[in-house]
Amino acid sequence: MERSELVEMLDAAEMILVGVGEDFEEKDALLQEENYCKACADIAAAGVEWVMPYVNRFFLEKNQKLKTALHTLGVLLDKRNYFVVSACMNGMTAGAGLLPDRIAEPCGSYTKLQCSRGCTGSLQQTGNELLREIGQCIQGEKEWKALKVSVCDTCKAPMIFNSLYAEHYNEEGYLGHWEKYTKWLQGTMGKKLCILELGAGLMFAGILRFRFEKIAALNQKANIIRVHRSLYQMPNDISDRGKSISQNAVDFMAEMIVL
Ligand SMILES: [Zn+2]
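All figures in this text were calculated on a predicted structure; none of them were measured in a lab.

**Let's talk about the environment of Val149**
Working step 1: Note that Val149 resides in the loop between α6 (128-138) and β6 (159-163).
Working step 2: With residues near it in sequence (within four places) discarded, Val149 still touches Trp50, Leu130, Pro158 and Met159.

Shown next, in the form of structure tokens:
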């Protein structure tokens, strides 16, 4: 797909729903890095998997293609009526120049802390000191087991990142944004809606793929662009309003950059 064609479809829409799927975690690229694999092994051995959203972010800072893809998404959506649902936990979608009240991250991120036992009302903003310490652990300057974490005011259990990596994921962290999303979604009925689904496989199909297919089926004025290397197929009932693109979605978005 050419950039001009994508821009044309966005221009023709009154509202744009974007799904950023798990491919934007760039897992395959990360697993090719020896240091990343070593960090993952050490983290598993120390039983602190909850740190992964920031560990991924730390390594992805060097991933220029991903940064270009997200920046381009931000540029293409600028000044439009959009909402982005991101299944990524690395917090990078939110950093793509998107409006904070136009993005929902239902899988969480590293920006908030929750009680590891899932106490409600325990959410806090993550402090820079913790992120700095995790960076030191990644670089081997500190042991993962020595990572200093705060404790829950209610039950004194350790506070961990508010993401799906938590055994007792506290969904309070994203519910406010999710309410904004469902309200925005109600407003799309009868409107020219363009759905842009990027790199969403089956992992979070309930909030992206299947959900988006349903939204497209209900709104006869909706178009859907699905970008995925292998799972690009579209169900029959919406295929005449859909465009399937068999390409890695990060590559696709990165190629849409304006130079
Ligand atoms: Zn607690």
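**Things to note about helix α8 (residues 209-218)**
Working step 1: The set of residues buried in α8 consists of Arg209, Phe212, Glu213, Ile215 and Ala216. Taken down its axis, α8 places every buried residue within 160° of arc, on the same side. The exposed residues of α8 that point more than 90 degrees off its buried face are Lys214 and Leu218.
Working step 2: Elements that come into contact with the buried residues of α8 comprise β1 (15-20), α7 (172-186), β7 (193-198) and β8 (223-227).

**Section: α6**
Working step 1: What α6 keeps buried is the set Leu130, Leu131, Glu133, Ile134, Gly135, Cys137 and Ile138.
Working step 2: Tucked inside the fold, the buried residues of α6 contact α4 (52-60), β4 (108-115) and β6.
Working step 3: Just beyond α6, the residue with positive phi is Gly140, at close to 80°.

**Examining the packing of aromatic side chains**
Working step 1: Inspection of the entire model under this criterion finds 11 aromatic pairs.
Working step 2: Judged by centre distance (5.0 Å) and plane angle (75°), the ring pair of Trp50 and Phe161 falls under edge-to-face. Taken as a pair, Trp50 in the loop between α3 (34-46) and α4 and Phe161 in strand β6 lie far apart in primary sequence, 111 residues in all.
Working step 3: Exposure remark for Trp50: the relative accessible area of 9% places this residue in the buried category.
Working step 4: The exposure class of Phe161 is buried, given its relative accessible area of 0%.
Working step 5: Arranged with centres 5.3 Å apart and planes meeting at 40°, the rings of Phe83 and Tyr181 form a pair that is tilted. One end of the pair, Phe83, is in strand β2 (residues 82-86); the other, Tyr181, is in helix α7, and 98 residues separate them in sequence. Neither residue differs from the other here; Phe83 and Tyr181 are each classed as buried.
Working step 6: An aromatic cluster is built from Tyr36, Trp50, Tyr54, Phe58, Phe59, Tyr110 and Phe161, whose rings are joined through pairwise contacts.

**Focus: the coordination of the zinc ion**
By definition of the ideal shapes, four donors in a tetrahedron about a metal sit 109.5 degrees apart, and six donors in an octahedron sit 90 or 180 degrees apart.
Working step 1: Around the zinc ion, the protein supplies Cys115 (SG), Cys119 (SG), Cys152 (SG) and Cys155 (SG) as donor atoms, at distances of 2.3 Å.
Working step 2: Taken together, the 4 donor atoms coordinating the zinc ion span angles of 101 to 114° at the metal, a pattern that classifies the geometry as tetrahedral.
Working step 3: Within one chain, the residues donating to the zinc ion are spaced in sequence as C-x3-C-x32-C-x2-C.
Working step 4: Assessed through its relative accessible area of 1%, Cys115 is described here as buried.
Working step 5: By relative accessible area, which is 18% here, Cys119 ends up buried.

Cut-offs and rules
Counting restarts for each chain, with residues numbered from 1 along the sequence as it is written. Two thresholds apply to this predicted model, a pLDDT of at least 70 for residue-level local features and 80 or more for giving and counting side-chain atom pairs, whereas whole-chain, interface and lining totals are computed over all residues. Derived side-chain values reflect all non-hydrogen atoms in the structure, with water molecules and hydrogen atoms excluded from consideration. By definition, any uninterrupted DSSP run of H or I lasting at least four residues is a helix, any uninterrupted run of E lasting at least two residues is a strand, and each is numbered from the N terminus. Contact definition: two residues touch when any of their heavy atoms are within 4.5 Å. Throughout this description, buried means an accessible area under 20% of the type-specific maximum (1.4 Å probe, protein chains only), exposed means over 50%, and partly exposed covers the range between. The directions considered for the arc are those from the helix axis to the C-beta atoms. Only Phe, Tyr and Trp rings are paired, with Trp represented by its six-membered ring, and only when their centres lie within 6.5 Å; those with planes under 30 degrees apart are stacked, over 60 edge-to-face, the remainder tilted. Only N, O and S atoms count as donors, using a 2.8 Å cut-off from the metal and 3.2 Å for Na, K and Ca, and because water is excluded some sites may appear unfinished. Under this scheme a four-donor centre is tetrahedral when all angles range from 85 to 135 degrees, a four-donor centre is square planar and a six-donor centre octahedral when opposite donors are above 155 degrees with the rest from 65 to 115, and any other centre is irregular.

Remember that the coordinates give geometry; whether it matters functionally is a separate question.
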